[in-house]
Amino acid sequence: MRCAPNPNGPWHVGHARMPAVIGTYKDRYDGWFCVRFDDTDPETKRPDLEAYDAILEDLEYLGFEPDATYRASDRLETYYDHARKLIDMGGAYTCSCSGEEFSELKNDGNACPHREKDAETVLEEFEDMIAGVYDSGEMVLRVKTDIEHKNPALRDWVAFRMIDTPHPREEASGYRCWPMLDFQSAIDDHLIGITHIIRGIDLQDSAKRQGFLYDYFGWEYPEVVHWGHVQIDAYDVTMSTSTIAELIENGELDGWDDPRAPTLKSLRRRGIRGEAIVDAMTGLGTSTSDVDLAMSTIYANNRELIDEETDRRFLVRDGTEVPLGGSPPDEANPPLHPNHEDRGVRGIPAGDAVLLEPADLPDREGRIWLKGLGCFRYTRDALQYTGEDLDVVREGEVDVVHWVPAAESVPVRMRTMDGDVSGRAEPGVADLAADEMVQFERVGFARIDTPSGEADGSEAVLAYYAHP
RNA sequence: GCUCCGAUGGUGUAGUCCGGCCAAUCAUAUUGCCCUCUCACGGCAAUGACCAGGGUUCGAAUCCCUGUCGGAGCACCA
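For clarity, every value in this text was computed on a predicted model and none was experimentally measured. (Residues numbered from 1 in each chain as written. Chains lettered and ligands numbered in written order. Predicted model: local features only at pLDDT ≥ 70, side-chain atom pairs only at ≥ 80, totals over all residues. Heavy atoms only, no water.)

Peer 1: Account for the packing of helix H3 (residues 76-88) against helix H7 (residues 206-217), naming residues and giving values.
Peer 2: Look at H3 against H7: their axes get within 10 Å of each other, and the N-to-C directions meet at 75°. Comparing their axes, H7 and H3 come out roughly perpendicular. Of the residues in H7, those touching H3 at His-82, Lys-85 and Leu-86 are Leu-213, Tyr-216 and Phe-217. (Axes fitted to C-alpha atoms, helices over the stretch in contact; angles between N-to-C directions. Helix = DSSP H or I, 4+ residues; strand = E, 2+ residues; numbered from the N terminus. Parallel < 35°, antiparallel > 145°, perpendicular 65-115°, else oblique. Contact = heavy atoms within 4.5 Å.)

Okay, structure coming up:
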C-alpha cells in the first residue's frame with residue numbers, strides 16, 4: 001500500500017487517516033507500505049521543500065516507518081519512457097487545443113483534429129515537449145480513451161503538460177514537461193507493486209481513467225477503496241494546509257504547532273500520543289460518506305494511555321488570594337497519584353495565604369476543604385481552619401478544591417486551544433522536565449513544554465494543555 | 001446540464017454481499033448513582049438510531065423502485 005502525499009506543508013489531523021489505516025493493515029496482514037511524494041506540479045501545487053521531512057516526522061510521531069520513500073519528481077524519465085511506449089501503441093496524442101476548446105468538443109463527444117495524428121508525429125512532438133520547446137499551455141499529451149464515453153470525466157484526459165516554473169527541488173528543476181497525477185500515479189502504482197489503494201472520493205474517477213492506461217499496457221489494476229472527507233469538531237480553523245499556512249503567514253497562528261491549529265504538530269506539542277490519533281482514525285473505517293471525528297474520541301484514547309502514569313499536581317488559574325487563619329498544618333502532602341500510593345507524596349507548604357480559582361471561593365461562612373490540607377470556613381475575608389475531620393468530605397458536606405500557596409507557588413503559562421491561561425502551580429512543578437506530562441487536578445492533562453527560567457525572558461513554566 | 005457515490009442514536013462503527021439468530025453491536029459523548037481528600041481512573045444504570053414512501057416475501061436495516069437529502073467528478077490541481 002502507499003501513502004501519496006503532496007508535500008505542501010506539515011500534516012493536519014485529517015492526514016493521519018491514511019497512515020493510520022494502511023499502517024494498521026500492514027501490521028495486521030504482514031503487508032508493506034511506502035510513502036510516495038506526488039510532487040508533479042511545481043506551480044499550482046508547488047511543493048514546500050521543508051514539507052518532505054516534516055511529513056516524515058509526522059509519520060514517525062504517529063508511530064509508523066515507511067518501508068520505502070519515493071519522490072515522483074525523481075522519476076520523470078520513467079514516466080517519459082512509458083509515455084513513449086504508449087505513443088507507439090497509438091494510445092496517446094499530442095494536442096495543442098486550448099483547454100476551453102477541447103472541453104467544448106469533449107462535452108459534445110467530438111474528437112479534436114489532433115487525435116488522428118500518426119504515432120511518429122506524436123512522438124516527435126512529445127520529444128519536443130520533453131526538450132522544453134513549448135511554453136506552458138501550448139501543448140499537452142492526451143491519453144486516447146473513448147471520446148464518446150458516457151462519463152465526460154473519462155474522455156481523453158491529459159497525461160503531460162508544460163510548466164514554465166522550475167521545480168523547487170534542484171534535482172528536478174530542469175524539467176518542463178510534467179505528468180498529471182493520473183498518469184504518474186498509475187505508472188508508479190504498477191511499478192512499485194501496489195496491490196491496494198485507498199484514496200478520497202475526489203479521486204473516484206481516477207481508477208476508471210487509469211484503467212485505460214492499464215489496458216494499453218496489459219496490467220492489472222490494484223484494488224481500490226474510496227473514502228469520504230473527515231472533519232474534526234472543536235476547531236475554528238479549517239483543516240486545509242494552505243489555509244493554515246496563510247494564518248501562520250499573517251500572524252494569526254504562531255506556527256504549525258500552535259495549539260489552536262488542527263495539525264499533528266500541535267497535538268504532539270500538547271502531549272497527545274500518536275497512538276491515540278491512530279486508534280481514533282482506524283475507528284472511522286473506510287466508508288465513502290463524509291465523517292465527523294470528535295476530538296473527544298482522541299482525548300478519551302489518550303487519557304487511557306497516560307492516566308495511570310501521569311502524576312498529579314495543583315494549578316490555580318487566575319487565582320484569588322485569601323489569607324489563612326486558625327493555625328492550619330504547615331504543609332500538605334497529597335499523593336502523586338491516587339491509584340499509586342507507592343510513588344509517594346508531594347510537599348506543598350501552606351504559608352499565610354493561598355490562591356483559589358475564583359469559582360471555588362465559598363460563600364460567606366461557607367466551608368471548603370483544601371485538598372491535602374484541611375477544612376476551612378470563609379469568615380471576614382479569610383479562611384479559618386476548622387480542624388474538622390475528613391468525614392465532612394466523606395459525608396458530602398464540604399467540597400474539595402485544589403489550591404496553591406500564594407507565596408511559594410510557581411508561575412505557569414498554559415497554552416490551550418482557546419488561548420493562553422496564566423496561573424500558579426505548586427512548587428514541585430518547577431522541577432519538572434520538558435516533555436513530562438502532568439494532570440493538574442480538576443483542570444486537566446498538560447505537557448510541560450519549557451521548564452521555569454528556560455523560556456526567553458520568562459520565569460514562568462510553559463505548559464500546553466492536552467485535554468480534560 | 002452530464003456522470004458517479006452515499007444515507008444506522010450527538011459522533012463513529014457492527015450488521016447489508018448470502019433476508020429470519022437485530023424489539024439492532026461496540027466505543028465515545030450526555031445524565032444519574034457508587035467509589036474517591038480531583039469534575040481523573042474504576043464500577044453500575046439510563047437516554048438515544050435503521051432518511052421517506054411504495055413493492056417483493058410468511059418475514060426487510062438487509063432485495064427492488066421512486067422520492068428526499070448529502071457528497072464527488074466533468075482541470076494543462078493533487
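Peer 1: Describe helix H6 (residues 181-192), and please don't skip the residues or the numbers.
Peer 2: For H6, which comprises 12 residues, the first-to-last C-alpha distance of 16 Å matches the rise-based estimate of 16 Å (1.5 Å per residue) to within 8%. The buried fraction of H6 amounts to 9 of the 12 residues, a majority that puts the element mostly inside the structure. All of the buried residues in H6 are Asp-182, Phe-183, Gln-184, Ser-185, Ala-186, Ile-187, Asp-188, Asp-189 and Ile-192. Downstream of H6 by a residue or two, Gly-193 has a phi angle that is positive, lying close to 85°. (Expected span 1.5 Å × (residues − 1). Buried < 20%, exposed > 50% of the residue type's maximum accessible area, 1.4 Å probe, protein only.)

Peer 1: Tell me about the nonpolar core, and please be specific about residues and values.
Peer 2: As a rule of thumb, soluble globular proteins bury nonpolar side chains together. Counting residues in hydrophobic clusters, the biggest one holds 44 residues, and the most contacted among them are Phe-126, Met-129, Leu-141, Phe-160, Phe-183 and Leu-213. If you tally residues by element for this core, the top one is H3, at 6 residues. Residues from two domains meet in this core; each of domain 1 (2-73 + 228-301) and domain 2 (75-182) gives at least three. Setting aside chain neighbours within four positions, we find Phe-160 in contact with Tyr-79, Tyr-80, Ala-83, Phe-126, Met-129, Val-140, Leu-141, Cys-177, Trp-178, Pro-179, Met-180 and Phe-183. (Core = buried A, V, L, I, M, F, W, Y, C linked by side-chain atoms within 4.5 Å. Domains from an automatic or database assignment.)

Peer 1: Hey, could you go over the domain arrangement of chain A for me, with residue numbers and the actual values?
Peer 2: According to the domain assignment, chain A consists of domain 1 (2-73 + 228-301), domain 2 (75-182) and domain 3 (317-333 + 350-405). A C-alpha centroid distance of 77 Å is found between domain 2 and domain 3.

Peer 1: So, the pattern of salt bridges: which residues are in play, and what are the values?
Peer 2: Applying the stated criterion across every chain yields a total of 39 salt bridges. Of the charged contacts, one joins Asp-258 and Arg-260 as a salt bridge, the two residues approaching to 2.6 Å between their closest N and O atoms. On the accessibility criterion, Arg-260 (29% relative accessible area) is partly exposed. One salt bridge in this structure joins Arg-313 and Glu-426, with 3.3 Å as the shortest N-O distance. Of this pair, Arg-313 sits in strand S12 (residues 311-313) while Glu-426 sits in the loop between strand S24 (419-425) and strand S25 (437-440), placing them 113 residues apart in sequence. (Salt bridge = Lys/Arg side-chain N within 4 Å of Asp/Glu carboxyl O.)

Peer 1: If you had to explain the protein's contact with RNA strand B to someone new, which residues and values would you point to?
Peer 2: Inspection of the region around RNA strand B gives 56 residues, with Lys-45, Arg-161, Asp-292, Arg-312 and Arg-442 positioned closest. Restricting the count to atoms of RNA strand B within 4 Å of the protein gives a sugar and phosphate share of 70%. Separating a sugar or linking oxygen of RNA strand B from a side-chain N or O atom of Asn-151 is a distance of 3.0 Å. Between RNA strand B and Ser-289 there is a distance of 3.3 Å, counted from a sugar or linking oxygen to a side-chain nitrogen or oxygen. Among the secondary structure elements, those contributing two or more residues to the surface near RNA strand B are helix H4 (99-107), strand S6 (158-162), strand S11 (291-293), helix H11 (295-306) and helix H12 (391-394). For the surface near RNA strand B, a count of residues per class yields 18 nonpolar, 19 polar and 19 charged. (Near = heavy atom within 4 Å. Polar contact = N/O pair within 3.5 Å; in protein donor to acceptor, adjacent residues only side chain to side chain. Nonpolar A, V, L, I, M, F, W, Y, C, P; charged D, E, K, R; others polar.)

Peer 1: Kindly report on the layout of surface pockets, identifying the contributing residues and their values.
Peer 2: Of the pockets and cavities examined, the largest pocket occupies roughly 1400 Å³. Listing elements by their share of the lining of the largest pocket, those giving two or more residues are strand S1 (2-3), helix H1 (17-29), H6, strand S8 (196-200), strand S10 (230-232) and helix H8 (241-249). Residue composition of the lining of the largest pocket, grouped by class: 15 nonpolar, 16 polar and 10 charged. (1 Å grid on protein atoms, 1.4 Å probe; cavity = no way out; pocket = protein on both sides within 12 Å on 5 of 7 lines; lining within 4 Å. Points joined across faces, edges and corners; volume = space filled by probe spheres on them.)

Peer 1: Lay out the side chain of Gln-439 in plain terms, naming residues and giving numbers.
Peer 2: Summarising the element assignment, Gln-439 is placed in strand S25. Its relative accessible area of 16% is what places Gln-439 among the buried residues. Ignoring anything within four residues of it in the chain, the contact list for Gln-439 reads Asp-307, Thr-310, Asp-311, Arg-312, Arg-313, Gly-444 and Phe-445.

Peer 1: Residues and numbers for the side chain of Arg-199, please.
Peer 2: Tracing the backbone through its elements, the reader meets Arg-199 in strand S8. Of the side chains bearing the opposite charge, Asp-189 lies closest to the buried Arg-199, which forms no salt bridge; the N-O distance is 4.6 Å. When neighbours within four sequence positions are excluded, Arg-199 is seen to be in contact with Arg-2, Met-18, Ser-185, Ser-206, Ala-207, Gln-210, Tyr-221, Val-224, Val-225, His-226 and Trp-227. (Lys, Arg positive; Asp, Glu negative; His and termini not counted.)

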